[in-house]
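The primary structure of each chain is shown beneath.
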Amino acid sequence: MASGTAIRYPLFPYYPVVVDVLRSRNADRVLDAPCGTGWLGDMLSATGTRKTAVDGVGLWEFPPASAGYQSVTEHDLDTPLAVSTAYDAAVCCEAIHLMTNPGVLVQSLYRALRPGGTLIITTPNTWYLRSRLQFLMRGFHSGFRPMVGRQRGEDYITYFPFSFPQLHLLLSHYGFTDITLHEVDEPKPKRMIERLLAIPSRLYNRRRVKRAENEDVRHFWKQAGSDQSVHGRWLVVSARRPDEPVSAQV
């Protein structure tokens, strides 16, 4: 953040990763869905060397007028989202696991992008060892406790836990390509026992890399077996809407 800028929210380690991806893709028009309290608009305004126009979609929280958004629309992202602008990038941070219809959200963001546009999704990673062990012992992943006694819209309720392979599957299903897992600056792993317990998983992924029948499959297994996938607490995944065929552009 720029000096003197008041921080209205906790800073998470995936924030700079999202901003770096947007900068590297030269995204001039960005859709932030949901936009929450507006951290993305703030950071793009404070760190940008180029002007980025950001529109937001509010779900349960909304940013103040000072957050740098051109417009903010209220919409339930469990239902199809219609936009009038073809965006260079769409960002969906810490929300897909809160949706009852994550496929509807991914399809809406696909349609909101121009051909060649970038989607960035962040979500808690449930593949790290503590989460796996908790699922084994208790039946649910870290951060995904039962919703009994809680109300949607009032309490933090998580529906679908994601790992990189599961998110890769969902994005592929809706037509995205160039699906990439990005490194997050965080301790990986936090405890040495986690690295020891991960050895069977790492060996399995290495075997799949060696046996891969083509480069796309090999790339998938390399990412699935990476430190970020196996030990990271966060997933930051980007994907691209394919360019239109030449015949469709005429």
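All of these numbers come straight from a predicted model, not from anything done at the bench.

Novice: With reference to specific residues and values, describe the overall build of the protein.
Specialist: The helix and strand inventory of the protein stands at 10 helices and 7 strands. On the principal axes, the C-alpha backbone points of the protein span a range of 50 × 50 × 40 Å. Going through the 250 residues of the protein one by one, you find that 48% of them count as buried. Looking at the protein alone, contacts between residues at least 24 apart form 75% of all its contacts between residues at least 6 apart. With the model as given, the accessible surface of the protein reaches about 12800 Å², and the carbon-plus-sulfur share is 54%. Positive and negative side-chain charges in the protein, numbering 29 and 24 respectively, have mean positions lying 9 Å apart.

Novice: Kindly report on unusual backbone geometry, identifying the contributing residues and their values.
Specialist: Residue P34 follows A33 across a cis peptide bond; omega there is 0°. Locating P34 in the fold gives a position in the loop between strand 1 (29-32) and helix 2 (39-47). Residue K188 is joined to P189 through a cis peptide bond whose omega torsion reads -10°. Checked against the element boundaries, P189 lands in the loop between strand 6 (177-181) and helix 6 (192-197). Unusually for a residue other than glycine, N26 sits at a positive phi of about 55°.

Novice: So what's going on with the side chain of K188? Which residues, and what values?
Specialist: By the secondary structure assignment, K188 is in the loop between strand 6 and helix 6. Take K188: its relative accessible area is 15%, and that puts it in the buried class. A polar side-chain atom of K188 sits 2.7 Å from the main-chain carbonyl oxygen of V184. Contact partners of K188, with chain neighbours within four places excluded, come to E183, R195, D227, Q228, H231 and G232.

Novice: Tell me about the confidence of the model for the protein, and please be specific about residues and values.
Specialist: Averaged over all residues, the pLDDT of the protein is 89; the fraction at 70 or higher stands at 92%. A low-confidence stretch, residues 1-5 stays under pLDDT 50, and its non-local contacts, those more than four residues away or across chains, total 6 contacts.

Novice: Tell me about the environment of T100, residues and numbers included.
Specialist: Mapped onto the fold, T100 is located in the loop between strand 4 (87-93) and helix 3 (102-112). For T100, a relative accessible area of 32% corresponds to the partly exposed category. Sequence-wise, T100 and Y15 are 85 residues apart; in three dimensions their C-alpha atoms are separated by 25 Å. Beyond its immediate stretch of four places on either side in the chain, T100 contacts D78, R152, Y159 and F160.

Novice: Lay out the environment of G38 with the relevant residues and their values.
Specialist: Tracing the chain through its elements places G38 in the loop between strand 1 and helix 2. On a C-alpha basis, the gap between G38 and G56 in space is 8.3 Å, while along the polypeptide they are 18 residues apart.

Novice: Go over the nonpolar core with me, naming the residues and quoting the values.
Specialist: One recurring pattern in soluble globular proteins: nonpolar side chains tend to sit buried together. Core analysis: the biggest nonpolar cluster contains 36 residues, and L31 and L171 have the highest contact counts within it. No other element matches helix 3, which puts 5 residues into this core. Setting aside chain neighbours within four positions, we find L171 in contact with V106, L119, I121, F176, I179, V237 and A239. By size, the runner-up hydrophobic cluster in this structure holds 24 residues, among which are Y69, A89, C93 and I120.

Novice: So, the pattern of salt bridges: which residues are in play, and what are the values?
Specialist: By the definition in use, this model includes 9 salt bridges. As a salt-bridge pair, R29 and D55 come within 3.2 Å of each other at their nearest N and O atoms. With R29 in strand 1 and D55 in strand 2 (residues 53-58), this pair connects stretches of sequence that are 26 residues apart. The partner of D227 in a salt bridge is R202, and the shortest N-O contact between them spans 2.9 Å. With D227 in helix 9 (residues 227-231) and R202 in helix 7 (residues 199-211), the pair connects residues that are 25 residues apart, well separated along the chain. Connected through salt bridges with shared partners, the residues D178, R240 and D243 form a single ionic network.

Novice: So what about the sheet that holds strand 6? Which residues, and what values?
Specialist: Strand order across the open sheet formed by 7 strands is 3-2-1-4-5-7-6, with mixed pairing between neighbours. Edge positions in the sheet fall to strand 3 (71-74) and strand 6, since each of these pairs with one other strand and no more. Each adjacent strand pair in this sheet contributes to an overall mean axis angle of 15°, direction not counted. Relative to strand 7 (residues 234-240), strand 5 (residues 113-124) is paired through 7 bridges, and the arrangement is antiparallel. Residue pairing for strand 7: I120 is matched across the bridge by S238. Against the sheet, helix 3 touches strand 1, strand 4 and strand 5, its axis set at about 145° to strand 5.

Calculation notes
- Residues numbered from 1 in each chain as written.
- Predicted model: local features only at pLDDT ≥ 70, side-chain atom pairs only at ≥ 80, totals over all residues.
- Heavy atoms only, no water.
- Helix = DSSP H or I, 4+ residues; strand = E, 2+ residues; numbered from the N terminus.
- Buried < 20%, exposed > 50% of the residue type's maximum accessible area, 1.4 Å probe, protein only.
- Contact = heavy atoms within 4.5 Å.
- Areas by Shrake-Rupley, 256 points an atom, 1.4 Å probe, with all protein chains shown as cover.
- Lys, Arg positive; Asp, Glu negative; His and termini not counted.
- Charge placed at Lys NZ, Arg CZ, Asp CG, Glu CD.
- Polar contact = N/O pair within 3.5 Å; in protein donor to acceptor, adjacent residues only side chain to side chain.
- pLDDT = per-residue confidence, 0-100.
- Core = buried A, V, L, I, M, F, W, Y, C linked by side-chain atoms within 4.5 Å.
- Salt bridge = Lys/Arg side-chain N within 4 Å of Asp/Glu carboxyl O.
- Pairing = 2+ DSSP bridges.
- Axes fitted to C-alpha atoms, helices over the stretch in contact; angles between N-to-C directions.

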